[in-house]
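Okay, here's what each chain looks like letter by letter:
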Amino acid sequence: MTMVEGESRPAETGEPLVVLEGVNKWFGKLHVLQDINLTIKRGEVVVVIGPSGSGKSTLCRAINRLETIDEGSITLDGQPLPQEGKALAHLRAEVGMVFQSFNLFAHKSILENVTLGPIKVRKKSRAEAETRGKELLDRVGIGHQADKYPAQLSGGQQQRVAIARALAMDPKVMLFDEPTSALDPEMIKEVLDVMVDLAERGMTMVVVTHEMGFARTAADRVLFMADGQVVEENTPEQFFTNPQSDRAKDFLGKILKH
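Please read all numbers here as calculations on a predicted model, not as lab measurements.

The rules we used
- Residues numbered from 1 in each chain as written.
- Predicted model: local features only at pLDDT ≥ 70, side-chain atom pairs only at ≥ 80, totals over all residues.
- Heavy atoms only, no water.
- Core = buried A, V, L, I, M, F, W, Y, C linked by side-chain atoms within 4.5 Å.
- Buried < 20%, exposed > 50% of the residue type's maximum accessible area, 1.4 Å probe, protein only.
- Helix = DSSP H or I, 4+ residues; strand = E, 2+ residues; numbered from the N terminus.
- Contact = heavy atoms within 4.5 Å.
- Salt bridge = Lys/Arg side-chain N within 4 Å of Asp/Glu carboxyl O.
- Arc of directions from axis to C-beta.
- Phe/Tyr/Trp six-rings, centres within 6.5 Å; stacked < 30°, edge-to-face > 60°.
- UniProt positions renumbered as here; feature names shortened; annotations may be inferred.

1. What about the nonpolar core?
Judged by nonpolar contacts, the single largest core of 50 residues is most densely connected at Ile-163, Met-174 and Met-205. The element contributing the most residues to this core is helix H6 (residues 185–200), with nine residues. Discounting residues that sit within four places of it in the chain, Met-174 has contacts with Gly-96, Val-98, Ile-163, Ala-166, Leu-167, Leu-198, Met-203, Thr-204, Met-205 and Val-206.

Written out as structure tokens, the structure is:
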């Protein structure tokens, strides 16, 4: 990992950045988020793991209001999440999101994909956006591909473009919803390396993932979800060596044997 001068991981300030209080959500009769209380501090890396259907992705998507909630509150930097309109677009600029699918614009070059948001939403000049865009593409290791189109890149490269695109908005927090699950095994590491680098630079991150190695390496805190609830939360060291709940023990037993 190359650390840029002056960008060592800052000490945790303990200042809350994202706060969820009493959050509930139903899909019909299915109670997908049950009384979630969660505080994510500035500079903290929180990794969310658990079985399929446990509510991990819904939790992640609620933080930038891609999913609405039925009860409770979510605040970002002390402000409640806006309902709609321009305020919501502004929120989405503050909260970077990287999905399982890369969602790049196929007809735009890699550099255009990365500069579109800063120009349209942040009102940056094209020159400024392109300079920053090239820096970020260099940082994720694909600066030399700036003029290509998404279809000309591998899945791992496209996902790194998606990360650069989110970073170009200078977000306060980055959400990753299973960012490597659609990738071939040899591409997973190149994306995780970029994410570890971001963590080391002090980016506040919420990561839903099945990659336990990443959880052990980069997380400050692991959240284990099952059936819409946060069943357990702990440091990676404690969680992986000494899980407290039967659900977590069962889950780890199944995945760590393979």
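That was the structure; now back to the text.
2. Things to note about the pattern of salt bridges
Enumeration over the complete set of coordinates arrives at 17 salt bridges. The closest approach of N and O atoms between Arg-42 and Glu-15, which form a salt bridge, is 3.0 Å. Here Arg-42, found in the loop between strand E2 (30–41) and strand E3 (45–49), pairs with Glu-15, found in the segment before strand E1 (16–27); they are 27 residues apart in sequence, far enough to count as distant. Since its relative accessible area comes to 28%, Arg-42 is described here as partly exposed.

3. Thoughts on helix H3 (residues 110–120)
All of the buried residues in H3 are Ile-110, Leu-111, Asn-113, Val-114, Thr-115 and Pro-118. Check the buried side of H3 and you find it contacts helix H4 (126–139) and helix H5 (155–167).

4. Brief notes about helix H9 (residues 246–256)
Of the residues making up H9, those classed as buried are Ala-248, Phe-251 and Leu-252. Considered in projection along H9, the buried side chains sweep an arc of 95° and stay on one side of the axis. Away from its buried face, by an angle of more than 90 degrees, H9 presents the exposed residues Asp-246 and Lys-254.

5. Details of the packing of aromatic side chains
Scanning the model with the defined rule gives three aromatic pairs in all. Ring centres of Phe-239 and Phe-240 lie 5.3 Å apart, and the angle between their planes is 80°; this geometry places the pair in the edge-to-face category. In this structure, Phe-239 and Phe-240 share a single accessibility class: buried.

6. What to know about the UniProt feature "domain: ABC transporter" (unreviewed entry) in the chain
The feature "domain: ABC transporter" (unreviewed entry), as annotated in UniProt, sits at residues 18–252 in this numbering. Span residues 18–252 is 39% helix and 26% strand, its end C-alpha atoms 28 Å apart.

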